[in-house]
Amino acid sequence: MPGGSNDTTPLYCGTGMDNFHTSYRNMHGYVSLVVCILGTIANTLNIIVLTRREMRSPTNAILTGLAVADLAVMLEYIPYTVHDYILKDSLPREQKLSYSWACFIKFHSIFAQVLHTISIWLTITLAVWRYIAVGYPQKNRLWCGMRTTIITITTAYVVCVLVVSPSLYLITAIAEWMDQLDAQGKMINSIPMSQYVIDYRNEMQTVMVAALNATPTSPMSNDTQWLNMTASSPSPSPSPSPSPSPTPSPISVPVVVRNVTVYRLYHSDLALHNTSLLNATFLIYSVVIKLIPCIALTILSVRLILALLEAKRRRKKLTTKPGNSNGAKSVVNGKPSERPRKNSKTLEKEKQTDRTTRMLLAVLLLFLITEFPQGIMGLLNTVLGNAFLMQCYFKLSDLMDVLALINSSINFILYCSMSKQFRSTFTLLFRPKFLDKWMPVAQDELTATRVDGLQRSVVAATPDNCHQTMTHKQPQVVTLAAASTVTNNTTQVTNL
């Protein structure tokens, strides 16, 4: 390796990163395929359960919009990982890098990023809605009603498409290349065939030659820099008259067996001649899509935790008799008095609110774990340039992809483990009917549901005349009482 002034590229990631990239890339296709299949099933179940009539709420509407975006990401990533990772060794090179596949890659780069951005901002909306519900419960219905929620979800979908798509579309283009392969099918050289790429490389070569001629250097240094420049450019070009140098030792040159025309997603002509557009795209990705949401989620998560602790402290204070902070019972007329008990319905509602808040906090923290590193890496790409991009970011891109896929597929597990209402609705929807006879709790739930439907039908009935009103008045009261009794019993059994 020639020493001196030719190697000026900073080293950000060493050989350990290369080894990790090579070893993980061999298994990335299978890992991501399994995650995508499981995530597709999980998000489909999320949509089915969350859209049930009894599950409709502003929070669940946001979770449904989130599940739709995550489901689309999973479905679109499956053909990508199968073609580029699992079948990469079995497909001929001209089929693996065909023009139709290059079109799909361009669609993949835009579609996946748009949907991922939608998921990010819906997660932000979820955190804001939950913070309002916990911190300002009196304003919850006014600020976070169903109509406002639907408008917010629709706005997130539309705005993310309009902001992300144009920038990604403008900086990429499909370029034609000619790959030279040896007898084993390995690529020896890749020559650009698209005219705008050839013109750009010739421009860069002219600029470098002019810079070398304008800078006084030693003969050996000038010759070494020229050799490095021409070796890095695959397009053939006439060689200028270099300064005298020692004759290099002969080396074995691989024999080109065949040439293959392939198509790759490359920088567009606009991006090659406008580096500010390229940097602006990286800033939009790293700051607007990643870092700002992560910082906002961090602040909201901390505020949610503090609001949850404050709500618990207030409840404990309300259920404790004044002057008995140590928990001892006060004595009235020589008899110990009990703490004031809350309505069971109110107590259950507060517990459900706490469970929902804890569940959503888990969703937010998982999001931060997977998204914050990507935002930092994207920002470093803009600050440190192509050296960091090639040495580090591209080597970790597969790992960041699978982390984002896991984040999009694991919400179903969180809902089932932390939401009692989600579990109950899921069980009623997908439990085999023949198991009802061995599950008394399930029978009570089904009975309560049927009685509740009968109650609604009786209340909604409109009498035609005074005689019908007098006739149906008494049975209506009895039915309501029966419904109330069954519902209370069901609540007690379920809580047990």
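Structure's up top.
Asker: Honestly, the overall build of the chain in this entry has me stumped. Any pointers?
Answerer: For the chain, the count of helices and strands is 16 helices and 5 strands. Evaluated residue by residue, the chain yields a buried proportion of 38% over its 496 residues. Sequence-distant contacts in the chain: of pairs separated by 6 or more residues, those separated by 24 or more amount to 77%. Put simply, the chain shows about 28,700 Å² of open surface, and 64% of that area lies on carbon and sulfur atoms.

Asker: Could you clarify how one ought to interpret the side chain of Q180 in this entry?
Answerer: Within the secondary structure layout, Q180 lies in strand β1 (residues 172-181). Q180 sits in the buried class, given a relative accessible area of 15%. Dropping the residues within four chain positions of it, Q180 is found in contact with K186, M187, I188, N189, I191, V256, R258 and N259.

Asker: What should I look at first to understand the pairing of strand β2 (residues 187-192) in this one?
Answerer: Sheet faces and side chains relate simply in a regular strand, where the side chains alternate between the two faces. Across 5 bridges, β1 lies against β2 in antiparallel orientation. Residue pairing for β2: M178 is matched across the bridge by I191. Connecting β1 to the next strand, β2, in antiparallel fashion are 5 residues, including G185 with a positive phi near 85°.

Asker: In this structure, what is going on with the pairing of β1? I would like to understand it.
Answerer: Across the 10 residues of β1, 7 count as buried, placing the element largely inside the fold. In this sheet, strand β3 (residues 258-267) lies alongside β1 in antiparallel orientation, the contact comprising 10 bridges. Bridging from a neighbouring strand, A175 pairs with R264 of β3.

Asker: Sorry if this is basic, but what is going on with the packing of helix α2 (residues 58-86) against helix α12 (residues 386-409) here?
Answerer: Axes are the key here: two packed helices are described by the angle between their axes and the distance separating the axes. Close contact between α2 and α12 brings their axes to 10 Å; oriented N to C, the two are set at 145°. Read as a crossing pair, α2 and α12 show a hand that is left-handed. For the pair formed by α2 and α12, the contact residues are D70, V73, M74, Y77 and Y85 on the first element and D398, D401, L405, S408 and S409 on the second. Looking at the contact of α2 with α12 residue by residue, the classes come out as 5 nonpolar, 2 polar and 3 charged.

Asker: Would you explain the pattern of salt bridges in this entry?
Answerer: For side chains bearing opposite charge, pairing can occur when the charged atoms are close. One pass over the structure, following the stated rule, counts 5 salt bridges. Residues K395 and D18 are paired through a salt bridge, measuring 2.4 Å at the closest nitrogen-oxygen approach. With K395 in helix α12 and D18 in helix α1 (residues 15-50), this residue pair connects regions lying 377 residues apart in the sequence. The closest approach of N and O atoms between D179 and R264, which form a salt bridge, is 2.8 Å.

Asker: So what exactly am I meant to see when it comes to the side chain of T123 here?
Answerer: Looking at the secondary structure, you find T123 in helix α4 (residues 99-135). Residue classification places T123 among the buried residues on the basis of a relative accessible area of 4%. Not counting residues within four places of it along the chain, the set of residues in contact with T123 comprises L66, L297, L364 and F367.

Asker: I would appreciate a short explanation of the state of the cysteines in the present structure.
Answerer: For the structure on display, the rule yields 1 disulfide. Disulfide pairing is shown between C13 and C392; the S-S distance is 1.8 Å. Taking the sign of the S-S torsion, 115° for the link of C13 and C392, the bridge is right-handed. Highlighted residues: C13 in the segment before α1 and C392 in helix α12, separated in sequence by 379 residues. The same class applies to C13 as to C392, namely buried.

Asker: Help me understand the packing of aromatic side chains, please; the structure alone is not making it clear to me.
Answerer: Two aromatic rings, taken as a pair, are described by how far apart their centres are and by the angle between their planes. Counted under the stated rule, the structure contains 14 aromatic pairs. A centroid spacing of 6.2 Å and a plane angle of 50° characterise the contact between F104 and F107, whose relative ring orientation is tilted. Placement of both F104 and F107 in helix α4 is noted, with a separation of 3 residues, approximately one turn of the helix. By relative accessible area, F107 is classed as partly exposed at 42%.

Asker: Honestly, the packing of α1 against helix α13 (residues 411-418) in this entry has me stumped. Any pointers?
Answerer: One way to put it is that α1 packs onto α13 with a least axis distance of 8 Å and a crossing angle of 50°. With respect to α13, the element α1 is oriented oblique. Along the contact surface, α1 presents A42, L45, N46 and L50, while α13 presents N411, F412 and Y415. Tallied by class, residues from the contact of α1 with α13 come to 5 nonpolar, 2 polar and no charged.

Asker: Looking at this structure, I do not really get the environment of G375. What am I missing?
Answerer: Tracing the chain through its elements places G375 in helix α11 (residues 344-384). Between the alpha carbons of G375 and C294 there is a distance of 8.2 Å; along the sequence they are 81 residues apart. Those residues in contact with G375, other than ones at most four positions away along the chain, are S286, K290 and L291.

Asker: Sorry, what's going on with the nonpolar core here?
Answerer: Across soluble globular proteins, nonpolar side chains show a tendency to be buried alongside one another. Among the nonpolar cores identified, the biggest contains 70 residues, and L63, I118, L297, L405, Y415 and F422 are the most heavily contacted of them. Mapped onto this core, the elements with two or more residues apiece are α1, α2, α4, α6 (146-171), α10 (275-318), α11, α12 and α13. Among the elements that line this core, the one with the most residues is α4, at 15 residues. For F422, the contacting residues outside a window of four places in its chain are N46, V49, L50, M55, F412, Y415 and C416.

Asker: Just checking my understanding: could you explain the environment of L278 for this structure?
Answerer: Residue position: L278 is located in helix α10. Among the residues examined, L278 registers a relative accessible area of 17% and is labelled buried. Discounting chain neighbours no more than four positions away, the residues touching L278 are I171, H267 and A271.

What counts and what doesn't
Residues numbered from 1 in each chain as written. Predicted model: local features only at pLDDT ≥ 70, side-chain atom pairs only at ≥ 80, totals over all residues. Heavy atoms only, no water. Helix = DSSP H or I, 4+ residues; strand = E, 2+ residues; numbered from the N terminus. Buried < 20%, exposed > 50% of the residue type's maximum accessible area, 1.4 Å probe, protein only. Contact = heavy atoms within 4.5 Å. Areas by Shrake-Rupley, 256 points an atom, 1.4 Å probe, with all protein chains shown as cover. Pairing = 2+ DSSP bridges. Axes fitted to C-alpha atoms, helices over the stretch in contact; angles between N-to-C directions. Left-handed = near helix turned anticlockwise from the far one by under 90°. Nonpolar A, V, L, I, M, F, W, Y, C, P; charged D, E, K, R; others polar. Salt bridge = Lys/Arg side-chain N within 4 Å of Asp/Glu carboxyl O. Disulfide = S-S within 2.5 Å. Phe/Tyr/Trp six-rings, centres within 6.5 Å; stacked < 30°, edge-to-face > 60°. Parallel < 35°, antiparallel > 145°, perpendicular 65-115°, else oblique. Core = buried A, V, L, I, M, F, W, Y, C linked by side-chain atoms within 4.5 Å.

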